[in-house]
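For reference, the chains in residue letters:
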Amino acid sequence: MSVAPHALERSGIDRADLARYLGWTGVGLGALAFFLVLPPVTARSPIVPVVVGGLGIAAGALAAQQGAGRRLATGAIAAAILGIALGWLCTRSDVASLDQVFVWSALIAATLRAATPLTFAALGGIVSERSGVVNIGLEGMLLMGAFFGFLGADKLGSWWWGIVCGVLAGAALALVHAFISIHLRADQIVSGFAANFLALGITGYFFIEVYSDQGTPGDVSNIPSISIPWIRDLGFIGPAIGDMHLLIWVALVFVVLSQLVLFRTPIGLRLRAVGEHPKAADTVGISVYAVRYGAVVLSGALAGLGGVYLSNGITHSFNENLSAGRGFIALAAVIFGRWRPYGAFVACLLFGFTEALALRLPGAYGEDAAWTTLFRALPYVVTLIVVAGVVGRSIPPAAVGRPYVKQ
Amino acid sequence: MSTGPDEPTVQQPGTGASEPPPERTADRLARWQRAGGLVAPIMTAVLAFLAGGIVVLATGHNPIEVYKGIWNGTGLEWFYRLGSHEVGLPWSDAKVWFPWDTASLAAENLQQTLLLTATLILTGLAVAFAFRCGLFNIGGQGQYFAGAYVAIWIGSSFAGMNSFLHIVFAIVAAALAGAAFAGIAGILKATVGAHEVITTIMLNFVAIYVGLYLFGQGGPLQNELQEFSPTSNEVLEEARLPVFWGDPFLQGLHVGLFLSLAALVAFWVIINRTTLGYEVRAVGFNPEAARYGGISVARNYFLAMAIAGVFAGFAGAIDMLGWRFSIGFSDIQSSTIGFVGIAVALLGRNTAIGVGLSALVFGALVNGTATRNIPPEAFDIPEQAGNLSLTIQALVLLFIGADILILYLWAKTGQRIGVGRRSPA
């Protein structure tokens, strides 16, 4: 802290705090630039997003000058630019289409749906990484869950069996990853990547073997919705959350539950100890290998559950490589959430929102506009910006990625 | 662990240490190179093929039939089909005696295998170079696309340019595009520490959707003659790479093979004989130590990614200018050549010779499992072979990760290779 008297210090605001406030204000202004052109405000002049976003860029630059972390400052500027771009695009569309795309209650429902597979996978990633094992294989486990969940529901006749099969398939792939990376002490990133490849090969193989060229049948038992009458009849929230799929509720419960287990129970303490300082954990009698095996298999089961929801809850079908990078987005959510369930869930909501938006935005410009294809890259671009920018310096568990050698 | 006497031992220089230091990863790697350098990767591949056979068996097919079909599809049998034949010298009318038949079916298959090998060498080098700097470049696919798009664009425009200049222009621009695209991940890693695995994966998807936009219906680079076909313009005749073996119009073998062999040499020289290579390896070995040694870690992260991107963009260029000549929706959606490059680099242990050999193995595997090469009696649905190929690649990756397992199986030397043990004092 500088000794020189400074107006800021006299006013009692820490300079670092100010920089942080400025940075987040920039992010907020970026979001506002986009929000103002949407219903219900629907500003029509392109000047509005440009001015508001410009203020966001200024705030980001100021934050950088005040010594905010480089990530936050660049993130604020990136968010503001993105806000301007999206806002400007929206002013070029007509109001009727905008009203059609931005039905907020439907958008919230779509966001929750898209966020659920990500949330399951991200929770899996947190459990695994907190125990010290990087799980790049989430993508593959998601895919395994998606295919075998669908297969189970189809062949055994009930969505319930689908969940069982999907979870087991995800866990089985995780077991392979666990064995190679824990017992054989392989590079965890290579092993996890191999798990993705394996899932791609296995699901593709069985998909063709079982469904051949006819594609998946349409009459498979799907994940049911939970309809809550007194919520459903509410004006705005009703259509959004009154009629949600069972697994969305399960995901919400799991987020709270995993936060509690991770930070409020002995089991969670052990898990974190193994991930932070395995040697110390070993010394006090915790079996590092057992905890890590358990955590990785559990993470596979969770990702598998997310996969089941993807195929049986959202698309109602299966295609090769259905997961399309969602496992990696979940991994980004883990980092964004700083290895905490609540934080990761917020990130999943953000990614889910962009995914929902990416599906609906092309509708605002008519079918024939070729450039609207670019909207489909939006979730990936936002993930890129988030990983690079807004995250701040997030610190992973100390022993993550390092095989443990028992003395 | 020291079990020696308790008094502090003062080590005199030159007298030699009394006990060996505990084994580190570096030691393990060094022993690896000595003992298992060649044998272990071969074991890895053999094991993976065996395990793949079990998968085939489990689904009720005959693995021997399947592998025979794959082998015949690779065209490698060409080498032991000796006879008395004639071959025309390239770019002339002269004919000379040659022990192999250059026009047989096996020869055509071999051309296909080598076409893939040429590309895989480059996408493999893209992964290997970043790996030497401690970066896992999963973005080879996206960088390959970046190169391919630029090569297509330049190759299909600028009509009337000198042929040689046109080709060089297209290749250089494509390589730079790959470098720029990979450089994004490099900069993010160098400045804010964003994990390259996530950023390169996201960039892959960005590259895919950009391509679907560029060459999709109504896109800026979509075919001008066929308005409703979501594909690019064809590369002009004069911008195509010369074919030295086979039919130039039926995917003959082009000179890109020599270019990628040259890239192998360049890789070896850069890594082993230049300051840049030394720094890259130092950072890959231990970034902290490199930093203390005065090496800029951030600069090397960026350069390693950019050079990796050069290789991948180069791969896209020779594919487009050599035999594909256009790129369409389905090509973009189904291409996995960048991902196979990861398996190539890992099986090849990130060395030049290793990458060359394993590119041949995977080129043969991918070509052998291509739909048209699979006999109907082996698979009722030939697409299955492609998935089998994916599975085998995954198994290779898994077994590579488990180097200890392989070494253990290879020779039970009994010398502390076992899991969970350190060298005794």
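Residues numbered from 1 in each chain as written. Chains lettered and ligands numbered in written order. Predicted model: local features only at pLDDT ≥ 70, side-chain atom pairs only at ≥ 80, totals over all residues.

Engineer: Tell me about the overall build of chain B, residues and numbers included.
Structural biologist: Looking only at helices and strands, chain B has 16 helices and 4 strands in total. Of all 425 residues assigned to chain B, the portion counted as buried reaches 51%. In chain B, 74% of the contacts between residues at least 6 apart in sequence involve partners at least 24 apart. (Helix = DSSP H or I, 4+ residues; strand = E, 2+ residues; numbered from the N terminus. Buried ≥ 20, exposed ≤ 12 C-beta atoms within 10 Å, placed from the backbone. Contact = placed C-beta atoms within 7 Å.)

Engineer: Any details on the interface of chain A and chain B? Residues and values, ideally.
Structural biologist: Listed per partner, the contact involves 44 residues of chain A and 42 residues of chain B. When residues of the side of chain A that touches chain B are traced back to their parent elements, those giving at least two are α4 (70–92), α8 (159–183), α9 (188–211), α16 (326–336) and α18 (378–390) of chain A. By residue number, the principal contributor to the side of chain A that touches chain B is α9 of chain A, which donates 14 residues. Its residues assigned to classes, the side of chain A that touches chain B shows 27 nonpolar, 9 polar and 8 charged. (Nonpolar A, V, L, I, M, F, W, Y, C, P; charged D, E, K, R; others polar.)

Engineer: How would you sum up α8 of chain A? Please name residues and give values.
Structural biologist: Taking 1.5 Å of rise per residue, 25 residues should cover 36 Å, and α8 of chain A covers 35 Å from first to last C-alpha, within 8% of that figure. Of the residues one or two after α8 of chain A, Arg 185 of chain A is the one with positive phi, at around 55°. (Expected span 1.5 Å × (residues − 1).)

Engineer: Which residues make up the domain arrangement of chain B, and what values do they have?
Structural biologist: Residues and elements named next belong to chain B. According to the domain assignment, chain B contains domain 1 (36–61 + 379–418) and domain 2 (111–369). A separation of 27 Å is found between the C-alpha centroids of domain 1 and domain 2. Contacts between domain 1 and domain 2 engage 12 residues on the former and 10 residues on the latter. Looking at the side of domain 1 that touches domain 2, the element that brings in the most residues is helix α15 (residues 383–401), giving 9 residues. In terms of residue class, the side of domain 1 that touches domain 2 is made up of 8 nonpolar, 4 polar and no charged. (Domains from an automatic or database assignment.)

Engineer: Describe the packing of helix α5 (residues 140–156) of chain B against helix α7 (residues 196–215) of chain B, and please don't skip the residues or the numbers.
Structural biologist: All names here are of chain B. Close contact between α5 and α7 brings their axes to 8 Å; oriented N to C, the two are set at 30°. What the angle tells us is that α5 and α7 run roughly parallel. Once α5 is placed against α7, the crossing between them reads as left-handed. Each of Gln 141, Gly 142, Phe 145, Ala 146 and Tyr 149 in α5 lies in contact with α7, whose residues at this interface are Thr 200, Leu 203, Asn 204, Val 206, Ala 207, Ile 208, Gly 211 and Leu 214. A class-by-class count of the residues in the contact of α5 with α7 yields 8 nonpolar, 5 polar and no charged. (Axes fitted to C-alpha atoms, helices over the stretch in contact; angles between N-to-C directions. Parallel < 35°, antiparallel > 145°, perpendicular 65-115°, else oblique. Left-handed = near helix turned anticlockwise from the far one by under 90°.)

Engineer: Provide a residue-level description of the environment of Ala 364 of chain B, including the pertinent values.
Structural biologist: In this fold, Ala 364 of chain B is placed in helix α14 (residues 352–368). The residues touching Ala 364 of chain B, leaving out its near neighbours within four places in the chain, are Thr 74, Leu 76 and Thr 113 of chain B.

Engineer: Explain the packing of helix α9 (residues 275–285) of chain B against helix α11 (residues 297–324) of chain B to me, using residue names and the numbers behind them.
Structural biologist: All names here are of chain B. At their nearest, the axes of α9 and α11 sit 10 Å apart, and the two run at 105° to each other. Judged by the angle between their axes, α9 and α11 are roughly perpendicular. Between α9 and α11, the contacting residues are Leu 276, Glu 279, Val 280 and Val 283 on the first element and Val 297, Asn 300, Leu 303 and Ala 304 on the second.

Engineer: Residues and numbers for the pairing of strand β2 (residues 95–100) of chain B, please.
Structural biologist: Residue and element names in this part refer to chain B. Taken across its 6 residues, β2 has 0 buried, putting it largely on the surface. Pairing analysis gives 5 bridges linking strand β1 (residues 82–88) to β2, with the strands arranged antiparallel. Residue pairing for β2: Leu 82 is matched across the bridge by Trp 100. (Pairing = 2+ DSSP bridges.)

Engineer: Report on the domain arrangement of chain A, specifying residues and quantitative values.
Structural biologist: Taken domain by domain, chain A comprises domain 1 (7–92) and domain 2 (101–390). For domain 1 of chain A and domain 2 of chain A, the distance between their C-alpha centroids amounts to 31 Å.

Engineer: How would you summarise the nonpolar core if you had to cite specific residues and measurements?
Structural biologist: Core analysis: the largest hydrophobic core is formed by 264 residues, its most contacted members being Ala 333 of chain A together with Ala 304, Phe 311, Phe 314 and Leu 397 of chain B. The element best represented in this core is α11 of chain B, accounting for 18 residues. If sequence neighbours within four positions are ignored, Phe 314 of chain B has contacts with Leu 122, Gly 147, Ile 171, Ala 174, Ala 175, Gly 178 and Ala 263 of chain B. (Core = buried A, V, L, I, M, F, W, Y, C linked by C-beta atoms within 7 Å.)

Engineer: Tell me about the confidence of the model for chain A, residues and numbers included.
Structural biologist: Fine structural detail should not be taken from predicted coordinates in areas where pLDDT scores are low. On average, residues of chain A score 83 in pLDDT, and 89% of them are at 70 or above. Note that residues 1–5 of chain A has pLDDT below 50 and, in this model, 1 contact with residues that lie over four places away or in other chains. (pLDDT = per-residue confidence, 0-100.)

Engineer: Lay out unusual backbone geometry in plain terms, naming residues and giving numbers.
Structural biologist: As a rule of thumb, non-glycine residues mostly have phi less than zero, and peptide bonds are mostly trans rather than cis. The phi dihedral of Asn 321 of chain A is positive, around 55°, even though this residue is not glycine. Not every positive phi belongs to a glycine, and Arg 349 of chain B is a case in point at roughly 55°. Within the secondary structure, Arg 349 of chain B sits in the loop between α13 (337–347) and α14. Given 22 C-beta atoms within 10 Å, Arg 349 of chain B falls into the buried group.

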